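# Breakdown of the fold
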Amino acid sequence: MPEPQEPERAIAATGMGGAMDLATSEATSLEKAPGGPEGGPSAPARSLWSDAWRDLRRNPVFIISGLVILFLVVISLWPSLIASGNPLDCDLSNAQKGSAPGHPFGFNEQGCDVYTRVVYGTRVSVTVGVCATLGVAIIGSVLGGLAGFFGGAWDAVLSRITDIFFAIPVVLGGLVLLSVVTSSTVWPVIGFMVLLGWPQISRIARGSVITAKQNDYVQAARALGASNPRMLLRHITPNAIAPVIVVATIALGTYIALEATLSYLGVGLKPPTVSWGIDISAASQYIRNAPHMLLWPAGALAVTVLAFIMLGDAVRDALDPKLR
């Protein structure tokens with residue numbers, strides 16, 4: 001009787017630097033398995049950003065808020081697409097009148113078309129919100145990131161400076177600082193928001209950088225002789241920027257509301273600039289006789305702020321791995 005032959009053996013790599021003894025048929029099937037050395041392409045590793053974008057595309061809150069914001073951006077760039085009139089053309093004979101053909105929102109106390117002023121007021125609000133957010137994000141991220149990375153005296157000095165700015169009430173600071181400004185442009189208001197807004201982003205960026213620089217890949221890069229600029233730009237910033245983006249997105253809506261508040265109090269934007277805050281302030285004393293003068297600009301302001309806050313919440317949920 002012939003002796004049974006032992007199946008031919010093969011050595012297969014384990015992926016950990018070792019090997020294991022397998023039968024030839026087993027090794028062949030392992031190699032041809034999906035994701036194996038000779039099989040089909042393995043699933044590509046997904047980064048935090050690709051996972052976040054995949055989640056955002058499936059989030060109805062992100063889709064709705066994104067469409068609203070896209071609409072606001074378009075009409076702020078080209079308001080004449082949906083409003084053919086001039087927001088500064090007024091006729092006192094139409095003062096405080098309600099809706100009329102061609103004027104769906106009625107007229108204000110000076111006979112100006114409320115609909116046209118609401119549309120053109122979008123440009124100011126979006127400009128203030130975007131510019132203030134960019135300035136706050138850039139200054140706060142740079143200062144906070146450097147403080148968190150280098151630590152020491154730089155971190156201590158910056159922390160004390162941020163504490164001083166946090167102690168200043170925003171509205172009271174605006175009443176004091178902007179009351180001496182005579183310009184009717186948006187830049188003094190934007191500068192004030194950046195001045196008092198960067199400490200919040202700075203503190204967020206500092207904590208995020210401190211957490212990121214303790215990771216193993218940063219320590220490995222340091223051991224291999226990577227320079228400080230390379231570690232900051234290539235290894236730390238991409239992994240520490242997510243919290244800053246979330247806070248900045250939510251803060252954008254807050255800055256739009258702050259501009260309207262300061263304009264309502266008379267220290268923000270000034271006529272002839274078209275602003276929702278200015279129109280709300282002018283219409284507040286006529287709320288009983290002509291409530292439409294107040295409701296339309298106030299409603300536009302509320303929808304805009306809500307859209308940016310909803311967008312920030314959706315981005316936060318997508319970028320926070322703990323919420324997955």
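Figured I'd write up the structure that's included with this text. (Residues numbered from 1 in each chain as written. Predicted model: local features only at pLDDT ≥ 70, side-chain atom pairs only at ≥ 80, totals over all residues. Heavy atoms only, no water.)

### Observations concerning the pattern of salt bridges
Applying the stated criterion to the full structure yields seven salt bridges. A salt bridge links Arg117 to Asp279, with the nearest nitrogen and oxygen atoms 2.9 Å apart. Here Arg117 is found in helix H4 (residues 114-150), whereas its partner Asp279 is found in helix H11 (residues 276-283), with 162 residues between them in sequence. When its relative accessible area of 9% is taken as the criterion, Arg117 is described as buried. Given the relative accessible area of 13%, Asp279 is considered buried. As a salt-bridge pair, Arg206 and Asp155 come within 2.6 Å of each other at their nearest N and O atoms. With Arg206 in helix H7 (residues 187-212) and Asp155 in helix H5 (residues 152-166), this pair connects stretches of sequence that are 51 residues apart. According to the relative accessible area criterion, Arg206 is partly exposed, its value standing at 27%. Note on Asp155: relative accessible area 11%, which makes it buried. One continuous salt-bridge network, built from bridges that share partners, spans Arg160, Asp163 and Arg203. (Salt bridge = Lys/Arg side-chain N within 4 Å of Asp/Glu carboxyl O. Helix = DSSP H or I, 4+ residues; strand = E, 2+ residues; numbered from the N terminus. Buried < 20%, exposed > 50% of the residue type's maximum accessible area, 1.4 Å probe, protein only.)

### So, unusual backbone geometry
Going from Pro271 to Pro272, the amide bond is cis rather than trans, its omega being 10 degrees. Within the secondary structure layout, Pro272 lies in the loop between helix H10 (242-264) and H11. One non-glycine residue with positive phi stands out, namely Gln96, at about 65 degrees. Summarising the element assignment, Gln96 is placed in the loop between helix H3 (60-77) and H4. Gln96 sits in the partly exposed class, given a relative accessible area of 30%.

### Quick look at the packing of H4 against H7
Contact geometry for H4 and H7: axes closest at 6 Å, N-to-C directions at 35 degrees. H4 and H7 meet at a crossing whose hand is right-handed. Within the contact of H4 with H7, the residues separate by chemical class into 17 nonpolar, nine polar and one charged. (Axes fitted to C-alpha atoms, helices over the stretch in contact; angles between N-to-C directions. Left-handed = near helix turned anticlockwise from the far one by under 90°. Nonpolar A, V, L, I, M, F, W, Y, C, P; charged D, E, K, R; others polar.)

### Comments concerning the nonpolar core
Generally speaking, soluble globular proteins have nonpolar side chains that are buried together. One finds Val118, Ile256, Leu301 and Leu319 to be the most contacted residues of the largest nonpolar core, which totals 28 residues. When residues of this core are traced back to their parent elements, those giving at least two are helix H2 (48-57), H3, H4, H10, H11 and helix H12 (292-319). Ranked by the residues each element gives to this core, the list is headed by H12, at 12 residues. With near-sequence residues (within four places) excluded, Ile256 lies in contact with Ser125, Gly129, Leu301, Thr304, Val305 and Phe308. Residues Phe165, Ile190, Ile201 and Tyr255 belong to the second largest nonpolar core, which totals 27 residues. (Core = buried A, V, L, I, M, F, W, Y, C linked by side-chain atoms within 4.5 Å. Contact = heavy atoms within 4.5 Å.)

### What to know about empty space enclosed by the protein
The full count for this structure, using the stated rule, is one cavity of 30 Å³ or more. Put simply, the largest cavity is a space of about 30 Å³. Lining the largest cavity are Leu178, Val181, Ser183, Thr185, Pro188, Val189, Val267, Gly268 and Lys270. Considered class by class, the residues forming the lining of the largest cavity number five nonpolar, three polar and one charged. (1 Å grid on protein atoms, 1.4 Å probe; cavity = no way out; pocket = protein on both sides within 12 Å on 5 of 7 lines; lining within 4 Å. Points joined across faces, edges and corners; volume = space filled by probe spheres on them.)

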